[in-house]
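Each chain is listed here by its residues.
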Amino acid sequence: MKMQLSNSSKKILDKTDLPVMKPFSLARASTWQAGDVVAFSLSPRVAWALAFILVAWISVDVALAQVQGDPNQTVLETLIKWTPLMFFGAPGEFGGFVLNIAVSFIAMALGTFLGLWLGIGQIALSKFVRRSSWLVTQIFRNSPWLVLLFYFMLLLPFFVEIGGTRYDIPGWAKATFALSLPIMANMSEIVRGAIASIPTGQWESAESLAFTRIQTLWQIILPQCIKRMIPPWMNWYCILTMSTPLISILGVNDGMTLTQDALAAESRSEFLIPMYLWLMSWFFIYSYPIAQWTRRLERRFAVKN
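Residues numbered from 1 in each chain as written. Predicted model: local features only at pLDDT ≥ 70, side-chain atom pairs only at ≥ 80, totals over all residues. Heavy atoms only, no water.

Asker: Sorry if this is basic, but what is going on with the pattern of salt bridges here?
Answerer: Pairs can form between side chains of opposite charge once their charged atoms are near each other. The final tally for this structure, using the stated rule, is 5 salt bridges. In this structure, Glu266 and Lys81 form a salt bridge, with 3.1 Å as the shortest nitrogen-oxygen distance. With Glu266 in helix H10 (residues 255-266) and Lys81 in helix H3 (residues 75-88), the pair connects residues that are 185 residues apart, well separated along the chain. Assessed through its relative accessible area of 12%, Glu266 is described here as buried. (Salt bridge = Lys/Arg side-chain N within 4 Å of Asp/Glu carboxyl O. Helix = DSSP H or I, 4+ residues; strand = E, 2+ residues; numbered from the N terminus. Buried < 20%, exposed > 50% of the residue type's maximum accessible area, 1.4 Å probe, protein only.)

Asker: How do you make sense of the environment of Phe88 when you look at a structure like this?
Answerer: Along the polypeptide, Phe88 turns up in helix H3. Sequence separation between Phe88 and Leu99 is 11 residues, and the spatial gap between their C-alpha atoms is 7.8 Å. Residue contacts for Phe88: discarding those within four places in its chain leaves Glu93, Gly95, Gly96 and Val98. (Contact = heavy atoms within 4.5 Å.)

Asker: I'm lost on the packing of helix H4 (residues 97-121) against helix H11 (residues 272-300) in this one. Help?
Answerer: Each pair of packed helices gets described by two things: the angle between the helix axes and the distance between those axes. The geometry of H4 relative to H11 is characterised by a closest axis approach of 11 Å and an angle of 35° between their N-to-C directions. Here H4 runs over H11; the crossing is right-handed. Each of Phe97, Asn100, Ile101 and Phe105 in H4 lies in contact with H11, whose residues at this interface are Trp282, Phe283 and Tyr286. For the contact of H4 with H11, the class distribution of residues is 6 nonpolar, 1 polar and no charged. (Axes fitted to C-alpha atoms, helices over the stretch in contact; angles between N-to-C directions. Left-handed = near helix turned anticlockwise from the far one by under 90°. Nonpolar A, V, L, I, M, F, W, Y, C, P; charged D, E, K, R; others polar.)

Asker: Explain the pairing of strand S4 (residues 165-168) to me, please; I cannot follow it from the model alone.
Answerer: For a regular strand, side chains alternate in direction, first toward one face of the sheet and then toward the other. Sheet topology note: the strand S3 (residues 159-162)/S4 ladder contains 4 bridges and is antiparallel. Within the sheet, the bridge partner assigned to Glu161 lies in S4 and is Arg166. Hairpin connection between S3 and S4: a loop of 2 residues separates the two successive antiparallel strands, and Gly163 in this loop has a positive phi of roughly 60°. (Pairing = 2+ DSSP bridges.)

Set out below in structure tokens:
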């Protein structure tokens, strides 16, 4: 079936000045004609980066406009003045943004170690061990992190005596232990899920070769689980790092607490947005490459059925 075009339609199609959507390219700029519509496309990464820069520029610009009446101190001078304290903490003390990173490292290491054993406990042959591991996993997996922080901050002692010598337990150490518990529970589920994803034929083949259950688990099953566990493990590390400012509520001298102290010392409410944005940018710069690396590992280690 052929469609006949009217004379008016043919005249419209014969025109050369109709708008045409063309991709943006400097190499093809010489071929553009009047009426062409150029389409600009940005990758999601570039779009997010431009949005972040735009928000930062607007925030700093607003703050600068608010302090134009005070020629003695600008936002930039204030950031330069307080950045060493916000990043490294007070001289002779362990604090600042460096403390946030240290807490995330220690809590992740401790939570991973405990979560590995708890996850193995969920597949144990003993019903008591299996149910106990499941119960502990569910309790800490579904508990608010802030509640755990307050609970263990008050539950754990403030000092211990060993051999007549008193040793104070710093608040950041108790906060680190509290943050490691939800990581432990989520790592337990990651380990259990990774082990369950291994085909049962692996267990049967190992049993036919006279491997014990422990040998099968440590020499055959867990090595295959590593590539399945790494992407979610890195994802939880990013979540943990973003959650470390919660310890500021308990009086720990992390980056958030020292930023609040700097704002209180300046007594300038107009500095609030740029200083918090400055602190947020450190977390973004630290965590964004990890998130991108996680996505690459997910594509690389994708299990194809």
